[in-house]
Amino acid sequence: MTTPVEWIERVESTNVELVRRERIAPQPHFTVLATLDQTSGRGRLGRTWSAAPGAALAVSVLVRPESIPPDRLGLLTLLAGLAARDSVAALLPGRPVSVKWPNDVLVAGRKIVGVLAEVEPRTGAVVVGAGINTAMTQAQLPVPTATSLAIESGEQAEPRELADRVLTGFLARLADLVERFEAARGDIDASGIRAELEAACGTLGERVSVQLPGGTRIAGTALGIGPDGSLSLRVDGSEHPTAILAGDVTHLRYQ
Ligand code: BTN
């Protein structure tokens, strides 16, 4: 079944707009808002997320959890990263597309997708947003370490056509993952999702530097993803793995 998508000509932020609507009246599960012109996008860790009109897809999906315990809701962002990875990979055959823990999507080390989830505390709905660089040209890249579908494929597709293609794959995969996650009551092992996350995660096996929420930086080798979605890290000089629940990861080989 294809998911209905509401396309908006221009919006400040698809996440903000969907949260705003949810506050006014509860929105149906899997309501989808999308635009090619997001004027004030929000990024992780209080950063901004910007793209020239037509250069990137901004999409937000409302998930209304039924049987997922509150302490497992954060895992939805990992599911969104995996869904985006698979959708991008299907359009770039032969290119190395992977997830950088927790939910960035990289092509050969360059970022093509960012994910940000926000919870509406009153209703408990989660708005999962993804920014996907679609028709973005080299000159439009926000940072030199970013990339886009157009750059990676070398194809000159219409912005809306490119966005439709990646969005269709993203929504189908996300719907499947959310359904299995719900059915397993938020258990990524029982649902089989943890194995899929690990297979798609290019961070594993890499030497990484992690900036923790307090600002401290640690370096080590990424070993795996825990049942709670954490990154298991063998910190340099330590024998035992440490579970990282939140942090900003840098893959040291791309430094
Ligand atoms: C990141 O910092 O990597 C996360 C970026 C998330 C951007 C997306 S675009 C759609 C949705 N609306 C927003 O304002 N942000 C997210």
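Residues numbered from 1 in each chain as written. Predicted model: local features only at pLDDT ≥ 70, side-chain atom pairs only at ≥ 80, totals over all residues. Heavy atoms only, no water.

## Looking at the overall build of the protein
Okay, so step 1: Scanning the protein for helices and strands turns up five helices and 14 strands.
Okay, so step 2: A compact globule built from 255 residues should have a C-alpha radius of gyration of about 18 Å, and the protein, at 17 Å, falls within 12% of that.
Okay, so step 3: Dimensions of the protein, computed from the C-alpha atoms along their principal axes, are close to 55 × 45 × 35 Å.
Okay, so step 4: Relative to its 255 residues, the protein shows a buried fraction of 51%.
Okay, so step 5: Within the protein, counting contacts between residues at least 6 apart in sequence, those at least 24 apart form 63% of the total.
Okay, so step 6: A total accessible area of about 11,800 Å² is found for the protein, and carbon and sulfur atoms account for 52% of it.
Okay, so step 7: In the protein, the 25 positive side-chain charges and the 29 negative ones have mean positions that sit 4 Å from each other. (Helix = DSSP H or I, 4+ residues; strand = E, 2+ residues; numbered from the N terminus. Rg over C-alpha atoms; globule rule 2.2 N^0.38 Å. Buried < 20%, exposed > 50% of the residue type's maximum accessible area, 1.4 Å probe, protein only. Contact = heavy atoms within 4.5 Å. Areas by Shrake-Rupley, 256 points an atom, 1.4 Å probe, with all protein chains shown as cover. Lys, Arg positive; Asp, Glu negative; His and termini not counted. Charge placed at Lys NZ, Arg CZ, Asp CG, Glu CD.)

## Overview of the nonpolar core
Okay, so step 1: Residues L57, V59, L76, V88, V113, F170 and L174 are the most contacted members of the largest nonpolar core, which totals 62 residues.
Okay, so step 2: By residue number, the principal contributor to this core is helix α4 (residues 159–183), which donates 10 residues.
Okay, so step 3: The contacts of V88, once residues within four sequence positions are left out, are V97, V107, I112, V113, I132, L149 and V166.
Okay, so step 4: Counting residues in each nonpolar core, the second largest holds eight residues, with I8, L18, L33 and A125 among its members. (Core = buried A, V, L, I, M, F, W, Y, C linked by side-chain atoms within 4.5 Å.)

## Observations concerning α4
Okay, so step 1: The end-to-end C-alpha distance of α4, which contains 25 residues, comes to 36 Å, matching closely the 36 Å that a straight helix rising 1.5 Å per residue would cover.
Okay, so step 2: All buried positions along α4 are accounted for by L162, A163, V166, L167, F170, L171, R173, L174, L177, V178, F181 and E182. (Expected span 1.5 Å × (residues − 1).)

## Some remarks on the site of the ligand
Okay, so step 1: Among the 20 residues in the neighbourhood of the ligand, the closest are listed as S13, Q38, R42, R44 and K111.
Okay, so step 2: Take R42: an N or O atom from its main chain is 2.7 Å from an oxygen atom of the ligand.
Okay, so step 3: For the ligand, an oxygen atom lies 2.7 Å from a polar atom in the backbone of R44.
Okay, so step 4: Burial of the ligand by the surrounding chains reaches 98%, relative to a free accessible area of 420 Å².
Okay, so step 5: Sorting the residues of the shell around the ligand by element identifies α1 (14–24), β3 (41–42), β5 (56–63), β8 (110–120) and β9 (125–133) as the ones contributing at least two each.
Okay, so step 6: With four residues, the top contributor of residues to the shell around the ligand is β8.
Okay, so step 7: The residue makeup of the shell around the ligand, split by class, is six nonpolar, 10 polar and four charged. (Near = heavy atom within 4 Å. Polar contact = N/O pair within 3.5 Å; in protein donor to acceptor, adjacent residues only side chain to side chain. Nonpolar A, V, L, I, M, F, W, Y, C, P; charged D, E, K, R; others polar.)

## Topic: the environment of Y254
Okay, so step 1: On the secondary structure map, Y254 appears in the segment after β14 (248–251).
Okay, so step 2: A C-alpha to C-alpha distance of 6.7 Å links Y254 and G109, two positions 145 residues apart in sequence.

## Some details on the sheet that holds strand β6 (residues 97–100)
Okay, so step 1: Read across the open sheet, the seven strands follow the order β1-β2-β5-β9-β8-β7-β6; overall the sheet is mixed. The outermost strands of the open sheet, each flanked by one partner alone, are β1 (6–8) and β6. Averaged over all pairs of adjacent strands, the angle between their axes in this sheet comes to 20 degrees, without regard to strand direction.
Okay, so step 2: The strands that α1 touches are β1, β2 (32–35), β5, β8 and β9; relative to β5, the one it contacts most, it runs at about 25 degrees. (Pairing = 2+ DSSP bridges. Axes fitted to C-alpha atoms, helices over the stretch in contact; angles between N-to-C directions.)

## Some points on the packing of aromatic side chains
Okay, so step 1: Going through the model one piece at a time under the given rule, you end up with zero aromatic pairs.
Okay, so step 2: Residue placement shows R160 over the ring face of W7; its charged tip is 3.9 Å from the ring centre. (Phe/Tyr/Trp six-rings, centres within 6.5 Å; stacked < 30°, edge-to-face > 60°. Lys NZ or Arg CZ within 6 Å of the ring centre and 35° of its normal.)

## Some details on the pairing of β8
Okay, so step 1: As defined by bridge partners, strand β7 (residues 104–107) adjoins β8 across three bridges and the pair is classed as antiparallel. Residue pairing across strands places V105 opposite V113, the latter belonging to β8.
Okay, so step 2: Hairpin connection, β7 to β8: the antiparallel pair is bridged by two residues, and A108 has positive phi, about 45 degrees.
Okay, so step 3: Sheet topology places β8 next to β9; eight bridges connect them, and they run antiparallel. Following the sheet pairing, V113 is matched in β9 by I132.
Okay, so step 4: Linking β8 to β9, which pair antiparallel, is a turn of four residues; within it G124 sits at a positive phi near 80 degrees.

## Thoughts on α1
Okay, so step 1: Here α1 has its buried residues at T14, N15, E17, L18, V19, R21 and E22.
Okay, so step 2: Looking at the buried positions of α1, the neighbouring elements they touch are β1, β2, β5, β8 and β9.
Okay, so step 3: At the N-terminal end of α1, a side-chain oxygen is found 3.3 Å from the backbone nitrogen of N15, two or three residues along, and the residue is S13.

Don't take any of this as a statement about function, it's just geometry.
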